[in-house]
There are 4 protein chains.
Amino acid sequence: MPEDSFRLVISCPDRVGIVAAVSSFLAREGGLITEANHYRDPESNWFFMRQVIDARSLNYPVALLRERFSPIASEFSMEWRITETAIPKKVVLMASRQAHCLSDILYRWRSKELVFDIPAVISNHLDLQSYVQWHNLDYLHIAADSTDKSKHFSALSDSLTQLKPDIIVLARYMQILPSDICSRYPGQILNIHHSFLPAFVGARPYHQAAARGVKLIGATCHYVTEELDAGPIIEQDVVRINHHDSIDDLIRKGKDVEKTVLARGLRYHLEDRVLIHGNKTIVFE
Amino acid sequence: MPEDSFRLVISCPDRVGIVAAVSSFLAREGGLITEANHYRDPESNWFFMRQVIDARSLNYPVALLRERFSPIASEFSMEWRITETAIPKKVVLMASRQAHCLSDILYRWRSKELVFDIPAVISNHLDLQSYVQWHNLDYLHIAADSTDKSKHFSALSDSLTQLKPDIIVLARYMQILPSDICSRYPGQILNIHHSFLPAFVGARPYHQAAARGVKLIGATCHYVTEELDAGPIIEQDVVRINHHDSIDDLIRKGKDVEKTVLARGLRYHLEDRVLIHGNKTIVFE
Amino acid sequence: MPEDSFRLVISCPDRVGIVAAVSSFLAREGGLITEANHYRDPESNWFFMRQVIDARSLNYPVALLRERFSPIASEFSMEWRITETAIPKKVVLMASRQAHCLSDILYRWRSKELVFDIPAVISNHLDLQSYVQWHNLDYLHIAADSTDKSKHFSALSDSLTQLKPDIIVLARYMQILPSDICSRYPGQILNIHHSFLPAFVGARPYHQAAARGVKLIGATCHYVTEELDAGPIIEQDVVRINHHDSIDDLIRKGKDVEKTVLARGLRYHLEDRVLIHGNKTIVFE
Amino acid sequence: MPEDSFRLVISCPDRVGIVAAVSSFLAREGGLITEANHYRDPESNWFFMRQVIDARSLNYPVALLRERFSPIASEFSMEWRITETAIPKKVVLMASRQAHCLSDILYRWRSKELVFDIPAVISNHLDLQSYVQWHNLDYLHIAADSTDKSKHFSALSDSLTQLKPDIIVLARYMQILPSDICSRYPGQILNIHHSFLPAFVGARPYHQAAARGVKLIGATCHYVTEELDAGPIIEQDVVRINHHDSIDDLIRKGKDVEKTVLARGLRYHLEDRVLIHGNKTIVFE
């Protein structure tokens, strides 16, 4: 995506005329649409839309676009936003000791496959510090005090307040976030869970999978809500295993799925492709 | 798809205002859009659209819809059509001796998973006659005369003329159709080739695959053109093999991919989801 | 597998010398091994083996092979069996109203992709009778009496007693078998469950999947035990879905996975490739 | 695999008694077999075997094991080797400017997912130098002189002579190696080709794929031989694309497949799981 774009993302009650109104507005403004998706959920009768507009075709700033679009949004009771690709989102990455997801995201970031800013990487361990710092990134070490978790989370909460992230990515952070942090960032915290949810919620899912004797293992990227591993799912995938595979093999094979699924989920979110609807997601891939 | 729908399928040179024009037209007519997709090919600057409209929302016949839409189509130099789900497409199925693809399509037809009419099944062998006839379908046996292929194809050509198919499906028909038949039905003949094209064009692709030592085999559903196995691809898939697999195993595993890929390709075509653009397809899945 | 084979299937406590003993025995007898697999479970220290021997290479009947092998089996405390491909297994197929799994199995049976005998197809409905009978197979209609299930299951139990099946395949039979039938046929009843177990146990798994907003749906072939959907898993697979897919789409896409997974599971079982170990399976694919 | 193991890898003409001889030998020596695979190619009547033996169970050095096994090897005209996990293989990594494959391999190396030594990373560009050096690895920059390729390759050849690699991995090296280097390292040079071979041999396979309009793209890990992209295939995989995907999307999606396929192929090779047989491979996964 070399040129600057505006992304218009809409959800509202469905009725005849929404596409006509939005596309006529954009045509009148001379906006060149480079990508467009819409979807109508027949059950809830709700409408979802994502439009990508070449910023140069409009020839005026995003503030004016928002102002001019506002009456249409009101008319159709839209929940809406317009984002600019020129302003990268701020993503705080959180990890523990395992490097696979963090390394993968940092590779995609430094190779510009995914475009975003990283105010800091936060970890409860020091294992990944040197690697992160090689990227000239801030590494916040907030040690997990097992006897007093509240101290840890209060320090974490303060750091987040300062860092003002648009998104928080739990790249195998391995701690359950307290409710108040979850609720402060609704639809902004992405987690990778190392199972095919809703199978194997909670701790040690690969051990659970081995115990049940499944023939595929998976990973799930989802938004974090106050209920553990129960938030809206963004992306999932699986990999085949067989009786030869030990727990260590499951963990090894699973890592590859985890990082791929998290990278896809993060890309969808960064590019404003994910719309949350109740406990489900619409993903305009 | 329980209710009757109209499907509006468009391709034309891209310019600002097409979506606005079409969606405003449909909104004015009161048309309830149940599914919509569009795509702009940046290389050729060409625009593609598929809209599904609830027929009851319009409350007038398709002929009138075509008449009213006609000026917009002219304005944008559209190639377009409006089809009705109430009128099932006529599909001539052609097979040889192998049953897997034909059985699969007939199952989907009799279970109404795919909705279409079958004027006849044509085969150069008698193996599948009894099975086809159990379905109360006509079975045309046009024997392949190996010494005089032209006689066979002339009989075939005459049969097709009489049957007036909208679509011809080569469900492992195993004969190369002559150019004149190919060119009479452009974009209407679907073939299933038992390899991942463009690998292993032509005869005995599983033997070619075994000889090359590949680790996956595949199948390709494509439109038939005058050049062998070179027409626009609609759908492809693969399955993993390994050194244990004999040619017979490849054939067995391949059959499952072949029938799945053909069924998907046929469904896309029947539901007007495939738009041909040069030697490629846009598939609005 | 055109020639007759013997299949030797073994499980026993692991110790040094088992492979040597078995393979030396077979070498002494002049047995040509066409396929061989073994596996040692490190956790339970248990050993599993499957050997396929070309029957002609032995030049004597299976009874003698069993007799001669018996001392080795005793020495190593083996649980073992030797089966003959010349004697097809007897498979009772049970279905309800949906045709996809039954049709698929019958296709594989009549095309000889899978080799077995069918003493009867049992159903609680008449929908599939004509189709089954076209295959010259017995169709036992045992109506499900919703007010008195026990009568239904007692009739079913009697039929099974008469039919003496080696295997019972629940090809979407849609009834929960009573404990006594389950326990009469341990490791002999194959079920296809239309979810990726252990996710979505029980009724209406596609509805459960839609409610949870998963991005993949799956199917599981497992042995039936007294606990619902909890028996040893033989095979699983998944297919991708997205927000566009209605429940009907899930059911349609799921059917293709169900029949493929059931066919694979059945083939593994028919070819003596599955060894049950606690609640898990070793599958020598 | 935490404990030291010996790996016995064999190929020879098939005849009755090989498994018996090898397993009886190992049983006599008290060797604990932790993994075992064999395969008989019916076409060429050739036999392949891989046995993993717990080194502690033998209680004597590998040299003695080789000596004692030697008579059996002679008797059956075996091509064979015994490797030790205690001696990591020496892997020279070669890359150009793209980081995805190299980063992925280095991650697996530093996390000890894959165990091997890296005498040096060789590149014709400086882009990856700093990243490689952070790992405390030697970075050999051998600039590609476009006017005089022979100078480049002669310097490369000299470096390889000095580095004495067991394996050379072309991690998107982007240069065609001259015949003399290829033939010096038979079955030791692994390449990742960014297509599903034999489709799209040679340059710019993603452009070729886009031009043909395929619906899946792939990657192939193979041994390098003197004929371009025609060596024995170790591993392949694919990923789905559609009409929306630009060449840049193909490249992005393809990168994820490339690195996964290369990592799998490298693991198989490092663990002595790959046996070359003519232009094919037996891979004991």
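Residues numbered from 1 in each chain as written. Chains lettered and ligands numbered in written order. Predicted model: local features only at pLDDT ≥ 70, side-chain atom pairs only at ≥ 80, totals over all residues. Heavy atoms only, no water.

1. A closer look at the overall build of chain A
- The secondary structure content of chain A amounts to nine helices and 13 strands.
- Its C-alpha atoms give chain A principal-axis dimensions of roughly 60 × 40 × 35 Å.
- Of all 285 residues assigned to chain A, the portion counted as buried reaches 58%.
- In chain A, 66% of the contacts between residues at least 6 apart in sequence involve partners at least 24 apart.
- Total accessible area on chain A stands at roughly 11,300 Å², and carbon and sulfur atoms take up 50% of it.
- In chain A, which carries 32 positive and 35 negative side-chain charges, the distance between the mean positions of the two groups comes to 3 Å. (Helix = DSSP H or I, 4+ residues; strand = E, 2+ residues; numbered from the N terminus. Buried < 20%, exposed > 50% of the residue type's maximum accessible area, 1.4 Å probe, protein only. Contact = heavy atoms within 4.5 Å. Areas by Shrake-Rupley, 256 points an atom, 1.4 Å probe, with all protein chains shown as cover. Lys, Arg positive; Asp, Glu negative; His and termini not counted. Charge placed at Lys NZ, Arg CZ, Asp CG, Glu CD.)

2. A word on the sheet that holds strand 4 (residues 79-84) of chain A
Residues and elements named next belong to chain A.
- The strand order across the open sheet built from four strands is 2-3-1-4, with neighbouring strands paired in antiparallel fashion. Two strands lie at the open edges of the sheet, namely strand 2 (33-41) and strand 4, each paired on one side alone. Along the sheet, successive strands turn relative to each other by an average axial angle of 10°, direction set aside.
- Looking at chain direction, strand 1 (residues 5-13) and strand 4 are connected through six bridges and run antiparallel. Across the sheet, serine 11 pairs through a bridge with glutamate 79, a residue of strand 4. (Pairing = 2+ DSSP bridges. Axes fitted to C-alpha atoms, helices over the stretch in contact; angles between N-to-C directions.)

3. Comments concerning the relation of the copies chain A and chain C
- After a rotation of 180° and a shift along the axis of 0.0 Å, chain A superposes on chain C with an RMSD of 0.0 Å. With respect to symmetry, the two chain copies, as superposed, fit the operation of a two-fold axis. Relative to the rotation axis, the closest C-alpha in chain A is found at A:Ala199, a distance of 2.4 Å.
- A share of 100% of interface residues in chain A that are also interface residues in chain C marks the association as one of identical surfaces. (Least-squares fit on C-alpha atoms with pLDDT ≥ 70 in both.)

4. Side note on the interface of chain A and chain C
- Listed by partner, the interface residues are 33 residues for chain A and 33 residues for chain C.
- Counting each side, the surface lost to burial between chain A and chain C is near 2,800 Å², with a carbon and sulfur contribution of 56%.
- By the criterion of area lost to chain C, the three top residues of chain A are A:Arg212, A:Lys215 and A:His243, representing 25% of everything that side buries.
- Applying the counting criterion to the chain A and chain C interface returns four salt bridges. (Buried area = accessible area lost by both parts, 1.4 Å probe. Salt bridge = Lys/Arg side-chain N within 4 Å of Asp/Glu carboxyl O.)

5. Regarding the sheet that holds strand 5 (residues 91-95) of chain D
Residue and element names in this part refer to chain D.
- Ordered by their spatial adjacency, seven strands build an open sheet running 7-6-5-8-9-10-11, and the pairing between neighbours is mixed. On the outer flanks of this sheet lie strand 7 (139-141) and strand 11 (233-240), each paired with one strand and no other. Ignoring strand direction, the axes of neighbouring strands in this sheet form an average angle of 15°.
- Sheet topology note: the strand 6 (residues 121-123)/strand 7 ladder contains three bridges and is parallel. Its bridge partner being in strand 7, isoleucine 122 is matched across the sheet by leucine 140.
- Its contacts with the sheet place helix 9 (residues 247-270) against strand 5, strand 8 (167-170), strand 9 (189-193), strand 10 (216-223) and strand 11, and it is angled at close to 155° to strand 11.

6. Structural notes on helix 8 (residues 205-212) of chain C
- Within helix 8 of chain C, the full set of buried residues consists of C:Pro205, C:Tyr206, C:Ala209, C:Ala210 and C:Arg212. Down the axis of helix 8 of chain C, the buried side of the element spans an arc of 165°, and every buried residue falls inside it.
- Looking at the buried side of helix 8 of chain C, the elements it contacts are strand 11 (233-240) and strand 13 (280-283) of chain A together with strand 9 (189-193), strand 10 (216-223) and helix 9 (247-270) of chain C.
- Residue C:Gly213 follows helix 8 of chain C closely and has a positive phi angle near 75°. (Arc of directions from axis to C-beta.)

7. Notes on the interface of chain C and chain B
- If you look at the interface, chain C gives 16 residues, while chain B gives 16 residues.
- Remark: the boundary between chain C and chain B carries four salt bridges.
- Here B:Asp104 and C:Lys259 are joined by a salt bridge, their closest N and O atoms 3.5 Å apart.
- Counting every contact that joins chain C to chain B gives ten residue pairs in polar contact (both at pLDDT 80 or more). (Polar contact = N/O pair within 3.5 Å; in protein donor to acceptor, adjacent residues only side chain to side chain.)

8. A closer look at the side chain of D:Gln236
- Tracing the chain through its elements places D:Gln236 in strand 11.
- Looking at D:Gln236, the relative accessible area reads 0%, which means it is buried.
- Polar side-chain contacts of D:Gln236 include one of 2.9 Å to the backbone nitrogen of B:Lys215.
- A distance of 2.9 Å separates the side chain of D:Gln236 from the backbone oxygen of D:Leu197, its partner in a polar contact.
- Contact partners of D:Gln236, with chain neighbours within four places excluded, come to B:Val214, B:Lys215, B:Leu216, B:Arg240, D:Phe196, D:Leu197, D:Ala219, D:Thr220, D:Val261 and D:Arg264.

9. Some words on the pairing of strand 12 (residues 274-277) of chain A
Residue and element names in this part refer to chain A.
- When strand 12 meets strand 13, the two strands line up antiparallel, connected through four bridges. Bridging from a neighbouring strand, leucine 275 pairs with isoleucine 282 of strand 13.
- From the end of strand 12 to the start of strand 13, which pair antiparallel, there are two residues, and glycine 278 there has a positive phi angle of about 60°.

10. Quick notes on the relation of the copies chain C and chain B
- For the pair chain C and chain B, the superposition axis carries a translation of 0.0 Å, the fit reaches an RMSD of 0.0 Å, and the rotation angle comes to 180°.
- The fraction of interface residues of chain C whose copies in chain B are also interface residues reaches 100%, indicating that both copies meet through the same surface.

11. Brief notes about the side chain of B:Ser96
Residue and element names in this part refer to chain B.
- Among the secondary structure elements, serine 96 is positioned in the loop between strand 5 (91-95) and helix 4 (100-110).
- Judged by its relative accessible area of 7%, serine 96 falls in the buried class.
- Those residues in contact with serine 96 that sit more than four places away from it in its chain are Ser123, Asn124, His125, Leu128, Arg172, Tyr173 and Met174.

12. Overview of the environment of A:Ile234
Residues and elements named next belong to chain A.
- The residue isoleucine 234 is located in strand 11 in this model.
- Taking the relative accessible area as the measure of exposure, isoleucine 234 reaches 1% and is therefore buried.
- Along the sequence, isoleucine 234 and glycine 265 sit 31 residues apart, while their C-alpha atoms lie 5.8 Å from each other.

13. Here's the deal with the environment of B:Phe47
Residue and element names in this part refer to chain B.
- You can see phenylalanine 47 is positioned in strand 3 (residues 46-54).
- We classify phenylalanine 47 as buried; its relative accessible area is 4%.
- Along the sequence, phenylalanine 47 and isoleucine 18 sit 29 residues apart, while their C-alpha atoms lie 8.6 Å from each other.
- Apart from the residues lying within four places of it in its own chain, the contact partners of phenylalanine 47 are Ile10, Ser11, Cys12, Pro13, Asp14, Ile18, Val19, His38, Tyr39 and Arg40.

14. Thoughts on the environment of A:Phe76
- Of note, A:Phe76 is situated in the loop between helix 3 (62-75) and strand 4.
- For the pair A:Phe76 and A:Gly187, spaced 111 residues apart in sequence, the C-alpha separation works out to 23 Å.

15. What about helix 1 (residues 18-28) of chain B?
- For helix 1 of chain B, a buried count of nine out of eleven residues is recorded, marking the element as mostly surrounded by other parts of the structure.
- All buried positions along helix 1 of chain B are accounted for by B:Ile18, B:Val19, B:Ala20, B:Ala21, B:Val22, B:Ser23, B:Ser24, B:Phe25 and B:Leu26.
- Lining the buried residues of helix 1 of chain B we find helix 1 (18-29) of chain A together with strand 1 (5-13), strand 2 (33-41), strand 3 and helix 3 (62-75) of chain B.
- Following helix 1 of chain B by one or two positions, B:Gly30 adopts a phi angle in the positive range, close to 80°.

16. Here's the deal with the packing of helix 1 (residues 18-28) of chain C against helix 3 (residues 62-75) of chain C
Residue and element names in this part refer to chain C.
- Contact geometry for helix 1 and helix 3: axes closest at 11 Å, N-to-C directions at 150°. Regarding the angle of helix 1 to helix 3, the classification is roughly antiparallel. Of the two possible hands of crossing, helix 1 and helix 3 adopt the one that is right-handed. Touching Ala21, Val22 and Phe25 of helix 1 are Leu65, Arg68, Phe69 and Ile72, all from helix 3.
- Looking at the contact of helix 1 with helix 3, its residues break down into six nonpolar, no polar and one charged. (Parallel < 35°, antiparallel > 145°, perpendicular 65-115°, else oblique. Left-handed = near helix turned anticlockwise from the far one by under 90°. Nonpolar A, V, L, I, M, F, W, Y, C, P; charged D, E, K, R; others polar.)

17. Thoughts on the domain arrangement of chain A
Residues and elements named next belong to chain A.
- Its domain assignment divides chain A into domain 1 (5-84) and domain 2 (91-283).
- Relative placement of domain 1 and domain 2: their C-alpha centres are 31 Å apart.
- Contacts between domain 1 and domain 2 engage 14 residues on the former and eight residues on the latter.
- For the pair domain 1 and domain 2, the two sides together bury roughly 850 Å², of which 53% comes from carbon and sulfur.
- Of all residues in domain 1, the largest losses of buried area upon contact with domain 2 belong to Arg7, Phe48 and Arg50, amounting jointly to 49% of the total for that side.
- Seen at the junction of domain 1 and domain 2, the total is three salt bridges.
- The closest approach of N and O atoms between arginine 81 and aspartate 272, which form a salt bridge, is 3.2 Å.
- Where domain 1 packs against domain 2, one counts eight residue pairs in polar contact (both at pLDDT 80 or more). (Domains from an automatic or database assignment.)

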